[in-house]
Amino acid sequence: VTMQRTKKRPDSMPGFQIGTSYLLVIFIILCLVTFAALALSGALRDQSYSQALAKHQTEYAAAGTQASALLAQIDEALESETPEPALEALAGTVPAISVSVERQNAERPVFEITALIPVSDSQNLQLTVSADAASHTRRITAWRETAASGWEEKTTLPVLGSDRTATD
């Protein structure tokens, strides 16, 4: 009996390649999850911005409708036989709108009509109309969004050179 010694054949696939491919799969999955999370957060941010913009546009359109109604009242006042008293009477007729009427000139009946129409808690639509009672015409001199209240600084940030101390 001869004893044959058998040699072990080397494995065709070393063991470290199995671990490497497993790590590669884990890395790819982590990358995909990260990209998915970034895409979701961007979509949620865009959705909230779009909703805020749609709300502002709706509020601004409602204020614009009120401004157009006021312009129609000014036109009716100018078309009347006595436009001066009709224009002066506009000051208290429109609810929820601050309307002021000022006579510009004593000789010529030109009125400056300013209306502040609330758009939101922080913004107003300012409409300024110059109405000439003699020629029965009007001209819009301002149609803009303004702040409802003055801006106040809530925090201060130190800027180089702005904080002078007594030791300087």
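Residues numbered from 1 in each chain as written. Predicted model: local features only at pLDDT ≥ 70, side-chain atom pairs only at ≥ 80, totals over all residues. Heavy atoms only, no water.

### Digging into the overall build of the protein chain
So, step 1. Within the protein chain, the regular secondary structure consists of 2 helices and 4 strands.
So, step 2. For the protein chain, the succession of helices and strands along the chain, N to C, is α-α-β-β-β-β.
So, step 3. Taking all contacts inside the protein chain whose residues are at least 6 apart in sequence as the whole, residues at least 24 apart take part in 39%.
So, step 4. Just so you have it, the protein chain exposes about 13,200 Å², and 59% of that area is on carbon and sulfur atoms. (Helix = DSSP H or I, 4+ residues; strand = E, 2+ residues; numbered from the N terminus. Contact = heavy atoms within 4.5 Å. Areas by Shrake-Rupley, 256 points an atom, 1.4 Å probe, with all protein chains shown as cover.)

### As for unusual backbone geometry
So, step 1. A positive phi is found at histidine 136, a non-glycine position, where the angle reads about 55°.
So, step 2. Mapped onto the elements of the fold, histidine 136 is located in the loop between β3 (123-132) and β4 (137-147).
So, step 3. Assessed through its relative accessible area of 42%, histidine 136 is described here as partly exposed. (Buried < 20%, exposed > 50% of the residue type's maximum accessible area, 1.4 Å probe, protein only.)

### Some words on the nonpolar core
So, step 1. With 19 residues, the main nonpolar core has Ile74, Leu87, Ile113, Leu125, Leu127, Val129 and Ala131 as its most contacted residues.
So, step 2. Listing elements by their share of this core, those giving two or more residues are α1 (16-79), β2 (110-118) and β3.
So, step 3. Discounting residues that sit within four places of it in the chain, isoleucine 74 has contacts with Leu87, Leu90, Ile113, Val129, Ala131 and Arg138. (Core = buried A, V, L, I, M, F, W, Y, C linked by side-chain atoms within 4.5 Å.)

### Re the pairing of β2
So, step 1. Looking at chain direction, β2 and β3 are connected through 9 bridges and run antiparallel. Directly across from leucine 116, in β3, lies its bridge partner glutamine 126. (Pairing = 2+ DSSP bridges.)

### So, a nonpolar patch on the surface
So, step 1. Together, Tyr22, Leu23, Ile26 and Leu30 make up an exposed nonpolar region whose accessible area comes to about 440 Å².
So, step 2. You can see isoleucine 26 is positioned in helix α1.
So, step 3. For isoleucine 26, a relative accessible area of 33% puts it in the partly exposed group. (Patch = residues over 30% accessible without salt bridge, like charges linked within 9 Å, V, L, I, M, F, W, Y side chains within 5 Å. Salt bridge = Lys/Arg side-chain N within 4 Å of Asp/Glu carboxyl O.)

### Concerning the pattern of salt bridges
Opposite charge on two side chains makes pairing possible when the charged atoms of those side chains draw close.
So, step 1. Per the stated rule, a full pass over the model turns up 2 salt bridges.
So, step 2. The closest approach of N and O atoms between lysine 55 and glutamate 59, which form a salt bridge, is 4.0 Å. Placement of both lysine 55 and glutamate 59 in helix α1 is noted, with a separation of 4 residues, approximately one turn of the helix.
So, step 3. For glutamate 59, a relative accessible area of 24% gives the class partly exposed.
So, step 4. A salt bridge links aspartate 75 to arginine 138; the nearest nitrogen and oxygen atoms lie 2.7 Å apart. With aspartate 75 in helix α1 and arginine 138 in strand β4, this pair connects stretches of sequence that are 63 residues apart.
So, step 5. Classification of arginine 138 by relative accessible area gives partly exposed; the value is 32%.

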